[in-house]
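# A closer look at the structure
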Number of protein chains: 2
Amino acid sequence: MLEKLDLTKTLSKSEYKEKIMELEPKIGKLQRECKDLGIPVMIAFEGYDAAGKGVQIGELIKALDPRGFEVHAVKKETEEEQMHPFLWRFWTKMPSKGRIAIYDSSWYRKVLIDRFDKKTKKKEVADAYRSICSFEEQLTDDGMVLIKIFLAIDKKEQKKRLEKLLSSKETSWRVSEGDLKRNKEFGEYEAINEEMLMRTDMEYAPWNIVEAVDRRFATAKIYAIVAQTLAGKVEEVRRKERLGQFKEEEITEPEKETAQDKKLTESILAKADLSLSYSKEEYRKRLEQLQKKMEKLHGELYRRRIPVVLGFEGWDAGGKGGAIKRLTQKMDPRGYVVHPTASPNDIERAHHYLWRFWVDMPKAGHITIFDRTWYGRVMVERIEGFCTKQEWQRAYKEINDMEHDLASAGAIVLKFWMQIDKDEQERRFRARQENPDKQWKITDEDWRNREKWDQYEEAVNEMLIRTSTPDAPWIVVEGNCKYYARIKVLQTVVDAIEARLKEEKKKR
Amino acid sequence: MLEKLDLTKTLSKSEYKEKIMELEPKIGKLQRECKDLGIPVMIAFEGYDAAGKGVQIGELIKALDPRGFEVHAVKKETEEEQMHPFLWRFWTKMPSKGRIAIYDSSWYRKVLIDRFDKKTKKKEVADAYRSICSFEEQLTDDGMVLIKIFLAIDKKEQKKRLEKLLSSKETSWRVSEGDLKRNKEFGEYEAINEEMLMRTDMEYAPWNIVEAVDRRFATAKIYAIVAQTLAGKVEEVRRKERLGQFKEEEITEPEKETAQDKKLTESILAKADLSLSYSKEEYRKRLEQLQKKMEKLHGELYRRRIPVVLGFEGWDAGGKGGAIKRLTQKMDPRGYVVHPTASPNDIERAHHYLWRFWVDMPKAGHITIFDRTWYGRVMVERIEGFCTKQEWQRAYKEINDMEHDLASAGAIVLKFWMQIDKDEQERRFRARQENPDKQWKITDEDWRNREKWDQYEEAVNEMLIRTSTPDAPWIVVEGNCKYYARIKVLQTVVDAIEARLKEEKKKR
């Protein structure tokens with residue numbers, strides 16, 4: 001969930017002022033409403049050292065009535081705490097109904113720092129995750145609002161900040177041995193954090209990733225997250241009261257407010273540099289080399305019995321078909337299969353939405369390519385209302401679990417998003433209409449979907465963030481130039497296979 | 001969940017006939033209704049070798065229309081299956097809407113036989129559990145009915161059956177090396193099964209334990225389980241249609257049918273031999289010895305930093321107070337504390353129901369005794385309707401998780417149920433009323449609760465089955481003779497501590 005972050009995001013002073021002035025009173029009001037409605041709130045801050053947890057908590061509480069919250073700094077366990085189960089200290093620091101508790105690093109310490117420092121033994125990790133998930137589920141089932149915030153910076157930025165702190169007597173004491181070690185071995189520590197995020201990003205307590213290089217941006221985004229989450233819960237409880245019903249489950253949470261906060265929400269697609277391109281000759285040259293390589297690697301995969309799952313998604317006319325064609329051109333047809341995914345037929349509709357994809361998963365040594373995938377659940381089905389909100393929100397975890405199962409069974413899993421801009425799409429649509437051989441490719445539905453471009457963009461961005469994992473990364477393919485796109489796809493697949501074969505060699 | 005089973009249960013031919021004649025048509029009708037409503041059903045049979053999975057499946061399908069179900073025997077993975085993630089074979093064998101699939105051993109093989117045979121590596125186990133839980137949650141979220149049946153027999157019975165099979169050429173081939181090995185190491189294999197049951201006994205897919213020594217009894221109970229589960233789902237879907245609502249969550253499942261099936265439902269309490277007793281002299285003698293021992297062990301616990309959690313529940317006037325008094329009489333008051341649990345005060349009511357107990361848990365080396373416990377959730381709160389059905393059903397897992405956290409933090413956890421019969425209770429109530437010094441002990445509420453004896457008995461039986469684990473066993477104390485009860489409590493605590501200290505020694 002960290003891979004696809006855009007850490008370059010910033011907010012100008014004026015933008016910042018405006019956002020805060022809008023949100024600060026909102027949060028104050030929401031705190032009072034939570035108090036009146038007896039809603040308990042826990043806000044957990046996690047993230048990398050020097051990412052600014054302390055600073056951000058300081059900013060957040062400016063919006064809160066001090067009589068209604070407490071802040072807990074979670075350091076090494078005290079002797080007293082060591083003599084109890086690790087969750088005990090958090091049970092004892094739990095807010096009562098109507099109060100807010102803020103945690104400067106939290107119960108996740110056990111599977112993060114303590115794990116990195118080997119204080120948490122290998123065999124304890126699985127059990128710790130179990131305890132944490134059951135802890136959070138129990139509390140939220142009981143009406144707790146649980147806001148989990150992860151502050152992300154990169155290795156370079158972290159180094160810079162630590163050095164700055166070290167450079168002055170007043171602050172150097174704040175830098176521990178551990179901080180420096182975790183910076184040195186940033187990659188390893190990041191993997192631990194990635195696993196934690198994926199395992200604990202639950203529908204009832206989702207993670208909010210905050211790009212924390214620009215402090216103003218981070219503060220504003222945290223304000224927005226807190227305001228939005230509290231508003232959602234207050235609205236939910238109010239509706240429940242109106243309905244005079246008392247079963248938590250009977251209320252569907254209100255729609256997330258969107259758009260207006262666009263500046264703050266992720267936008268991976270916007271980042272794609274669509275000017276990237278190759279000349280025809282360059283394309284020809286690279287294509288030939290890569291296809292030869294692919295042919296060779298395909299045999300290797302078969303001998304080593306490594307399964308490969310490739311998923312293709314993207315805008316209509318984004319170039320999926322062309323890329324798949326070039327990818328498979330030189331491959332042995334007995335060793336791969338391409339599954340075009342249409343809207344489900346009767347038999348498929350009579351099963352779980354993942355069923356048809358599970359059934360088609362490749363066996364060891366084979367490659368399966370999906371032209372459109374299970375991600376339809378969180379795109380078209382979400383936007384067209386073919387499934388309920390609960391269903392598509394649940395789907396992120398269901399999909400991550402499925403891809404994790406594939407990966408831990410030894411599969412290479414890659415997912416490509418073919419990105420083009422709106423004008424390019426229109427150009428391609430028109431071209432298709434004018435070309436009699438291609439007219440079949442373009443339907444009125446394509447034009448209708450086009451009108452929902454913004455909704456799709458939002459859904460796609462959320463999808464990329466929530467489901468891009470080390471096990472199964474998303475690759476955004478800059479697609480305005482078809483040549484460039486096809487080469488990038490081929491190159492990515494080749495690189496992934498070569499990397500895996502290297503690992504396998506090491507093992508032997 | 002296996003400890004408290006009564007494997008001596010039987011059903012006479014006539015009782016059996018009657019039950020089956022009543023349930024068989026019911027099940028047939030329910031199958032048709034599931035078909036019409038498009039409800040998919042999976043029935044998984046697990047349990048010990050030679051417990052009669054095959055036989056019982058044979059009996060069950062007699063009630064089913066063969067056009068509507070298929071049976072899958074889950075053996076060693078085929079080569080094809082080995083080349084896929086382990087859940088793949090079950091995704092491919094999934095019933096479509098309206099159909100029933102029956103599994104002769106199931107996806108649990110991975111964490112049972114394969115684990116016992118080391119085919120599933122240690123480090124894979126945790127991940128396998130994760131995959132299984134997420135698999136079952138996805139399906140049930142999607143409307144699948146998942147009936148999990150565990151057939152239990154004991155080591156002796158299993159040995160007898162295996163030998164019988166071996167004795168004849170026609171059947172000897174059915175006994176594998178593995179069967180014999182698992183019988184020889186029954187205890188180890190049982191522990192693996194216990195862990196499996198506890199980890200996967202979810203609200204959305206609970207386990208049904210069936211005492212399978214008497215085949216007639218087992219068949220009848222399985223019929224009852226299937227009929228009841230399907231009826232519940234059909235009723236739920238119907239209500240949803242009537243309400244014209246489409247959110248699964250919005251319907252609370254119908255009340256479980258009870259009583260009538262009493263013969264089939266657990267009855268641990270009924271088993272208690274209340275004639276057990278000690279003479280005054282015998283009591284005095286044992287009491288003195290045990291209290292001395294306890295005094296010594298208490299010091300050992302402190303030195304070894306082992307925490308101890310003792311919970312006491314039981315009928316009003318069941319003798320909790322007296323037993324606790326004798327238990328602690330010779331103990332160093334600095335090393336233990338007794339928490340009487342009254343109905344929650346305002347602060348406690350402002351927190352999660354487990355909060356006040358978490359807060360009071362002992363630190364390493366200390367003993368905490370709870371006079372009445374967190375089990376109020378699944379007894380008085382359940383019966384008096386102080387919490388919703390979802391809440392008390394959820395509580396079994398929440399409580400098991402809490403006790404597991406305590407145990408894996410090194411605690412000894414024991415739970416005592418002080419059992420007396422209804423007449424003995426009346427005798428004690430009257431005695432209290434007549435004794436001016438004890439009148440305060442008896443209130444009108446005690447008499448009111450007494451009227452709900454049967455409801456409580458049912459709730460207690462379910463509680464004992466679902467929450468008695470190797471980590472934290474329930475001990476039913478035969479309490480009609482106070483002398484006997486007090487000694488049994490002391491003896492049990494002493495034994496548990498000595499056993500633990502032995503382990504610790506081994507480790508060193």
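Everything quoted here is computed from the prediction, not taken from an experiment.

### Topic: the overall build of chain A
From N to C terminus, chain A includes 22 helices and 10 strands. Over its C-alpha atoms chain A spans a radius of gyration of 25 Å, differing by no more than 12% from the 23 Å that the globule rule assigns to 508 residues. In terms of its C-alpha atoms, chain A occupies a principal-axis envelope of roughly 70 × 55 × 45 Å. Within chain A, contacts between residues separated by at least 24 positions form 81% of all contacts whose residues are at least 6 apart in sequence. Total accessible area on chain A is roughly 23100 Å²; 52% of this is exposed by carbon and sulfur atoms. When the 98 basic and 92 acidic side-chain charges of chain A are each reduced to a single mean position, those positions are 4 Å apart.

### Overview of the sheet that holds strand β6 (residues 308-314) of chain A
All names here are of chain A. In spatial order, the strands read β7-β8-β6-β9-β10; together these five strands make up an open sheet with parallel pairing. Because the sheet does not close on itself, it has two edges, and the strands there are β7 (336-340) and β10 (474-478). Each strand axis lies, on average, 20° off the axis of its neighbour in the sheet, ignoring direction. Packing of helix α13 (residues 280-304) onto the sheet brings it into contact with β6, β7, β8 (367-371) and β9 (412-419), and relative to β8 it is tilted by some 120°.

### Let's talk about the packing of aromatic side chains
Applying the stated criterion to the full structure yields 48 aromatic pairs over all chains. For the pair Phe 357 of chain A and Phe 370 of chain A, a centre-to-centre distance of 6.0 Å together with 65° between the ring planes defines the contact as edge-to-face. Residue Phe 357 of chain A is found in helix α16 (residues 355-359), and its partner Phe 370 of chain A is found in strand β8; the two are separated by 13 residues along the sequence. The exposure class of Phe 370 of chain A is buried, given its relative accessible area of 1%. Between Phe 116 of chain B and Tyr 189 of chain B, the aromatic rings sit 5.3 Å apart at their centres with planes inclined by 75°, giving edge-to-face as the arrangement. Here Phe 116 of chain B is found in helix α5 (residues 113-116), whereas its partner Tyr 189 of chain B is found in helix α10 (residues 186-200), with 73 residues between them in sequence. One exposure class covers both Phe 116 of chain B and Tyr 189 of chain B, and it is buried. We note Arg 182 of chain A situated over the ring of Tyr 189 of chain A; from NZ or CZ to the ring centre the distance is 5.8 Å. The residue whose ring lies beneath Arg 466 of chain A is Tyr 396 of chain A, and the NZ or CZ to ring-centre distance is 5.9 Å.

### Observations concerning the pairing of strand β4 (residues 145-152) of chain B
Residues and elements named next belong to chain B. Counted residue by residue, β4 has eight buried out of eight residues, so it is predominantly covered. The alternating pattern of β4 places Val 145, Ile 147, Ile 149 and Leu 151 and Leu 146, Lys 148, Phe 150 and Ala 152 on opposite faces, both of which are buried. Pairing of strand β1 (residues 41-47) with β4, which is carried by seven bridges, proceeds in the parallel orientation. In the strand pairing of β4, Phe 45 is matched with Ile 149. The pairing of β4 with strand β5 (residues 207-211) spans five bridges and is classified as parallel. Bridge pairing in β5 places Leu 151 opposite Val 210.

### Quick word on the relation of the copies chain A and chain B
Take chain A, turn it by 180°, move it 0.0 Å along the axis, and it overlays chain B with an RMSD of 0.0 Å. On this basis, the relationship between the two copies can be described by a two-fold rotation axis. Both copies present the same face, since 100% of the interface residues in chain A are matched by interface residues at the equivalent positions in chain B.

### Notes on the nonpolar core
Core analysis: the biggest nonpolar cluster contains 234 residues, and Trp 107 of chain A together with Trp 107 of chain B have the highest contact counts within it. Among residues more than four places away in sequence, those in contact with Trp 107 of chain A are Met 42, Ala 44, Phe 86, Leu 87, Phe 90, Ile 132, Phe 135, Glu 136 and Leu 146 of chain A.

### A short note on a positive patch on the surface
Residue and element names in this part refer to chain A. On the surface, Lys 325, Lys 438, Lys 441 and Lys 482 cluster together into a positively charged patch. Of note, Lys 482 is situated in helix α22 (residues 482-507). For Lys 482, a relative accessible area of 37% corresponds to the partly exposed category.

### Observations concerning the domain arrangement of chain A
Residue and element names in this part refer to chain A. Split by domain assignment, chain A resolves into domain 1 (2-243) and domain 2 (277-343 + 374-503). The gap between the C-alpha centroids of domain 1 and domain 2 is 34 Å. Roughly 1100 Å² of surface becomes buried between domain 1 and domain 2 when both sides are summed, with 60% attributable to carbon and sulfur atoms. Our enumeration of links across domain 1 and domain 2 arrives at one salt bridge. Between Arg 466 and Asp 201 there is a salt bridge whose closest N-O contact spans 2.7 Å. At the boundary of domain 1 and domain 2, one finds one residue pair in polar contact (both at pLDDT 80 or more). Looking at the side of domain 1 that touches domain 2, its residues break down into five nonpolar, no polar and five charged.

### Comments concerning the sheet that holds β5 of chain B
All names here are of chain B. Strand order in the open sheet formed by five strands is β2-β3-β1-β4-β5, with parallel pairing between adjacent strands. The strands lining the two open edges of the sheet, one partner per strand, are β2 (69-73) and β5. Shown here is a sheet whose adjacent strand axes are inclined to one another by a mean of 20°, direction ignored. Across five bridges, the pairing between β2 and strand β3 (residues 100-104) is parallel. From the neighbouring strand, His 72 faces β3, where its bridge partner is Tyr 103.

### Observations regarding the side chain of Glu 33 of chain A
Within the secondary structure layout, Glu 33 of chain A lies in helix α1 (residues 13-37). Not counting the four nearest positions on each side in its chain, Glu 33 of chain A is found in contact with Val 234 and Arg 238 of chain A.

### Focus on the pattern of salt bridges
Pairs may arise between side chains of opposite charge once their charged atoms sit close together. Evaluation of the coordinates by the stated rule reveals 110 salt bridges over all chains. The salt bridge involving Arg 89 of chain A is made with Glu 81 of chain A; its shortest N-O contact spans 3.4 Å. With respect to burial, Arg 89 of chain A and Glu 81 of chain A carry one shared label: buried. For Asp 346 of chain B, the salt bridge is made with Arg 349 of chain B, and the minimal N-O distance between the two is 3.4 Å. Placement of the pair is Asp 346 of chain B and Arg 349 of chain B together in helix α15 (residues 346-349), with a separation of three residues, close to one helical turn. The exposed category is assigned to Asp 346 of chain B, whose relative accessible area is 62%. Judged by relative accessible area, Arg 349 of chain B falls into the partly exposed class, the value being 46%.

### As for the UniProt feature "domain: Polyphosphate kinase-2-related" (unreviewed entry) in chain A
Residues and elements named next belong to chain A. Within the UniProt annotation, "domain: Polyphosphate kinase-2-related" (unreviewed entry) is assigned to residues 11-233 and 279-504. Secondary structure across residues 11-233 divides into 56% helix and 13% strand, with the first and last C-alpha atoms of the span separated by 28 Å. Note that residues 279-504 is 56% helix and 13% strand, and that its end C-alpha atoms are spaced 36 Å apart.

### With respect to unusual backbone geometry
Residues and elements named next belong to chain A. The phi dihedral of Arg 305 falls on the positive side, at around 60°, and the residue is not glycine. When you line up the elements, Arg 305 lands in the loop between α13 and β6. Assessed through its relative accessible area of 44%, Arg 305 is described here as partly exposed.

### Remarks on the pairing of strand β1 (residues 41-47) of chain A
All names here are of chain A. Here β1 lies mainly inside the structure; seven of its seven residues are buried. Covered by surrounding structure in β1 are Val 41, Ile 43, Phe 45 and Gly 47 together with Met 42, Ala 44 and Glu 46, the residues of both alternating faces. One ladder, built from five bridges, connects β1 with strand β3 (residues 100-104); its direction is parallel. In the sheet register, Phe 45 faces β3, and the bridge partner there is Asp 104.

### Quick look at helix α9 (residues 177-184) of chain A
Residue and element names in this part refer to chain A. If you check which residues of α9 are buried, you get Gly 178, Asp 179, Arg 182 and Asn 183. For α9, the arc enclosing every buried residue in end-on projection is 135°, short of the 170-degree limit, so these residues lie on one face. In α9, the exposed residues that point more than 90 degrees away from the buried face are Glu 177 and Lys 184. Buried residues belonging to α9 abut α5 (113-116), α7 (155-166) and α10 (186-200).

### Section: the interface of chain A and chain B
A common way to state how big an interface is: give the accessible area lost once the parts meet. If you look at the interface, chain A gives 51 residues, while chain B gives 51 residues. Roughly 4900 Å² is buried in total at the junction of chain A and chain B, and carbon and sulfur atoms are behind 54% of that figure. Of all residues in chain A, the largest losses of buried area upon contact with chain B belong to Met 83, Trp 91 and Trp 358 of chain A, amounting jointly to 14% of the total for that side. Linking chain A with chain B are eight salt bridges. Note that Arg 394 of chain B is salt-bridged to Asp 141 of chain A, the shortest N-O span being 3.5 Å. Applying the counting criterion to the chain A and chain B interface returns 28 residue pairs in polar contact (both at pLDDT 80 or more). At the level of elements, α3 (79-82), α4 (88-91), α6 (122-141), α10, α16 and α18 (389-408) of chain A are the ones that each hand at least two residues to the side of chain A that touches chain B. If you tally residues by element for the side of chain A that touches chain B, the top one is α18 of chain A, at nine residues.

Calculation notes
- Residues numbered from 1 in each chain as written.
- Chains lettered and ligands numbered in written order.
- Predicted model: local features only at pLDDT ≥ 70, side-chain atom pairs only at ≥ 80, totals over all residues.
- Heavy atoms only, no water.
- Helix = DSSP H or I, 4+ residues; strand = E, 2+ residues; numbered from the N terminus.
- Rg over C-alpha atoms; globule rule 2.2 N^0.38 Å.
- Contact = heavy atoms within 4.5 Å.
- Areas by Shrake-Rupley, 256 points an atom, 1.4 Å probe, with all protein chains shown as cover.
- Lys, Arg positive; Asp, Glu negative; His and termini not counted.
- Charge placed at Lys NZ, Arg CZ, Asp CG, Glu CD.
- Pairing = 2+ DSSP bridges.
- Axes fitted to C-alpha atoms, helices over the stretch in contact; angles between N-to-C directions.
- Phe/Tyr/Trp six-rings, centres within 6.5 Å; stacked < 30°, edge-to-face > 60°.
- Buried < 20%, exposed > 50% of the residue type's maximum accessible area, 1.4 Å probe, protein only.
- Lys NZ or Arg CZ within 6 Å of the ring centre and 35° of its normal.
- Least-squares fit on C-alpha atoms with pLDDT ≥ 70 in both.
- Core = buried A, V, L, I, M, F, W, Y, C linked by side-chain atoms within 4.5 Å.
- Patch = residues over 30% accessible without salt bridge, like charges linked within 9 Å, V, L, I, M, F, W, Y side chains within 5 Å.
- Salt bridge = Lys/Arg side-chain N within 4 Å of Asp/Glu carboxyl O.
- Domains from an automatic or database assignment.
- Buried area = accessible area lost by both parts, 1.4 Å probe.
- Polar contact = N/O pair within 3.5 Å; in protein donor to acceptor, adjacent residues only side chain to side chain.
- Nonpolar A, V, L, I, M, F, W, Y, C, P; charged D, E, K, R; others polar.
- UniProt positions renumbered as here; feature names shortened; annotations may be inferred.
- Arc of directions from axis to C-beta.

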